[in-house]
Amino acid sequence: MLVEASLNLLGTLVIPAQQAVATEVCRGVLGPVLSVIQWSDDPSELSSAVTLLMHLLRVCPTSDLLSCNTGFPATTGDKSSAVLAHILAAAGQLLSPTQPDTCSRDAGPLLVQLLKTFPAQLAAPPAAGASAAGASCVAVLLHGVVVKMATGGCSPATLVSLLEFVVKLALLDVQQLLETLAHMTVQQKDGTTTSGLAVVLPLWLEHAPDFSGSLLTRQNAAALLQLLQLRHNPAIAGLMVQGVPIEDAAAASGGRVTRSKAKQQGGLKYSQVPVPVKILQVLGHILSADCEGDSRGFLGLEGLVNDEEWGESDEDDSDAADDAEVQLSGQSITGLSTVTVPDGDILDIMNRSEATTPLPEDPADANDPLLRTSLRSLLRQGLAALVAADPGFAAAAAAQLGGGRELQALQWLLEPGS
């Protein structure tokens, strides 16, 4: 607790307005902070240490960072390479398959910050030459991320954290990312081997709707749009992922399959669809969630319903319970008077989130053009270009997915005047 409190206190001193103070803090504590990240098994200490390191990386000039004496042995006689090697070793420890899940949850944001702080250095091979065939530091870190994912045991929160790094790499060069993952071989938890692409893409598409934060949500959508532009690439066009639930004939004849019925039948079974088709569905899901969140905020309903508990409730096994909907119009909910939303106000509701977007934690991100673009505009622009270039793709995707509200949301988005 004392270590955690000390790290948090030091973090309050590292601010852009006091760069000289931040530099002195960096010289004094960078080495100990990296040691905490490498050797501590306390999740709270690790989180505080990673947060402080990220503050130092954001505020301190690169030259000051690389001139620190962290106590890490220099293999080439170059002090700056020793500092960078120490930082990369600490980041690599967070990615270790033996590291508990709770100790790895800050790995992704740290890797993204390393890309921002040391873009040129990470494009080169590690100083120690530990990577095969002269692979860059970025490729080494990406391999660590994929291995961590492949070994299993990662919680959704940790997976989303690791995927932040993947999203950043996709925005930088999605073609290079695909090639690196396609040629990467990793061992899975059951001992079999597979490609990095087969590990990352299914998990990315499964957890893409879990990204939160205005900027990160937009970055995720932009990265998926870039990936969709490569839909004819054999590496992703031939990779099949989980599609939509399949209801057998007996279940279909009696109506929808409830969660309880699915458990009795051994769990839901899903169709398999190509990655590009799944990307389209995921983008529709992201759009629907964004619109729903804006509407709930406008109506003052945020916090009144626990989405997780509602979505996982199995107390009522009837089809009617599964199809239940909350009717707002003409009813009172927790003291609210009758709520009606005129059709003309829907666009206003959907635009409100852009006007109230909070500034990101990293000051450098405040100038990101994506923050000045609503998610709806981003998706409309990307998908309109896709439909114009390949009008049959959306129809083929709808046939494989059987429609659904996700594709309906995208269809509405592309209608004139939406």
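Residues numbered from 1 in each chain as written. Predicted model: local features only at pLDDT ≥ 70, side-chain atom pairs only at ≥ 80, totals over all residues. Heavy atoms only, no water.

Caption draft 1: Representation of the side chain of His 207 within the structure. Its place among the elements puts His 207 in helix H10 (residues 196–207). Contact partners of His 207, with chain neighbours within four places excluded, come to Pro 156, Leu 159, Val 160 and Leu 163. (Helix = DSSP H or I, 4+ residues; strand = E, 2+ residues; numbered from the N terminus. Contact = heavy atoms within 4.5 Å.)

Caption draft 2: Inspection of the confidence of the model for the protein at higher detail. Across the protein, the average pLDDT comes to 80, with 75% of residues at 70 or higher. Per-residue pLDDT stays below 50 along residues 249–253; that stretch engages in 3 contacts with residues further than four places along the chain or on separate chains. Low pLDDT, under 50, characterises residues 295–359; the predicted model gives this stretch 80 contacts beyond four residues in sequence or across chains. (pLDDT = per-residue confidence, 0-100.)

Caption draft 3: Summary view of the pattern of salt bridges. Enumeration according to the criterion identifies 4 salt bridges in this entry. A salt bridge links Arg 27 to Glu 24, with the shortest nitrogen-to-oxygen separation between them at 3.0 Å. Residue Arg 27 and its partner Glu 24 are located together in helix H2 (residues 19–39), separated by 3 residues, close to a single helical turn. Its relative accessible area of 45% is what places Arg 27 among the partly exposed residues. For Glu 24, a relative accessible area of 49% gives the class partly exposed. (Salt bridge = Lys/Arg side-chain N within 4 Å of Asp/Glu carboxyl O. Buried < 20%, exposed > 50% of the residue type's maximum accessible area, 1.4 Å probe, protein only.)

Caption draft 4: Seen up close, the nonpolar core. Judged by nonpolar contacts, the single largest core of 113 residues is most densely connected at Leu 56, Leu 114, Phe 165 and Trp 204. Residue contributions to this core peak at 13 residues, all from helix H9 (residues 156–182). Once residues lying within four places of it in the same chain are set aside, the contact partners of Phe 165 are Gly 108, Leu 111, Val 112, Leu 115, Val 138, Leu 141, Leu 142 and Val 145. (Core = buried A, V, L, I, M, F, W, Y, C linked by side-chain atoms within 4.5 Å.)

Caption draft 5: Local environment of the side chain of Ser 155. Assignment of secondary structure puts Ser 155 in the loop between helix H8 (137–150) and H9. Once you skip the residues sitting within four places of it in the chain, Ser 155 turns out to touch Asp 101 and Arg 105.

Caption draft 6: The environment of Ala 237, seen in detail. Residue placement: Ala 237 occurs in helix H12 (residues 234–237). Take Ala 237: its relative accessible area is 31%, and that puts it in the partly exposed class. Apart from the residues within four sequence positions on either side, Ala 237 is in contact with Arg 231, His 232, Pro 274 and Pro 276.

Caption draft 7: View of H9. Between the first and last C-alpha of H9 there are merely 24 Å, a value that for 27 residues lags more than 12% behind the 39 Å anticipated at 1.5 Å per step. Asp 173 marks the point of greatest bend in H9, at about 120°. (Expected span 1.5 Å × (residues − 1). Bend = angle between axes of the 7 residues up to and from the residue.)

Caption draft 8: Summary view of the packing of helix H1 (residues 2–13) against helix H3 (residues 43–59). Running from N to C, H1 and H3 point in directions that differ by 20°, and their axes come no closer than 9 Å. The pairing of H1 with H3 is recorded here as roughly parallel in orientation. Judged by the twist between their axes, the crossing of H1 over H3 is left-handed. For the pair H1 and H3, contact is made by Val 3, Glu 4, Leu 7, Asn 8, Leu 10 and Gly 11 and by Ser 44, Glu 45, Ser 48, Ala 49, Leu 52 and His 55, respectively. Taken together, the residues of the contact of H1 with H3 sort by class into 5 nonpolar, 5 polar and 2 charged. (Axes fitted to C-alpha atoms, helices over the stretch in contact; angles between N-to-C directions. Parallel < 35°, antiparallel > 145°, perpendicular 65-115°, else oblique. Left-handed = near helix turned anticlockwise from the far one by under 90°. Nonpolar A, V, L, I, M, F, W, Y, C, P; charged D, E, K, R; others polar.)

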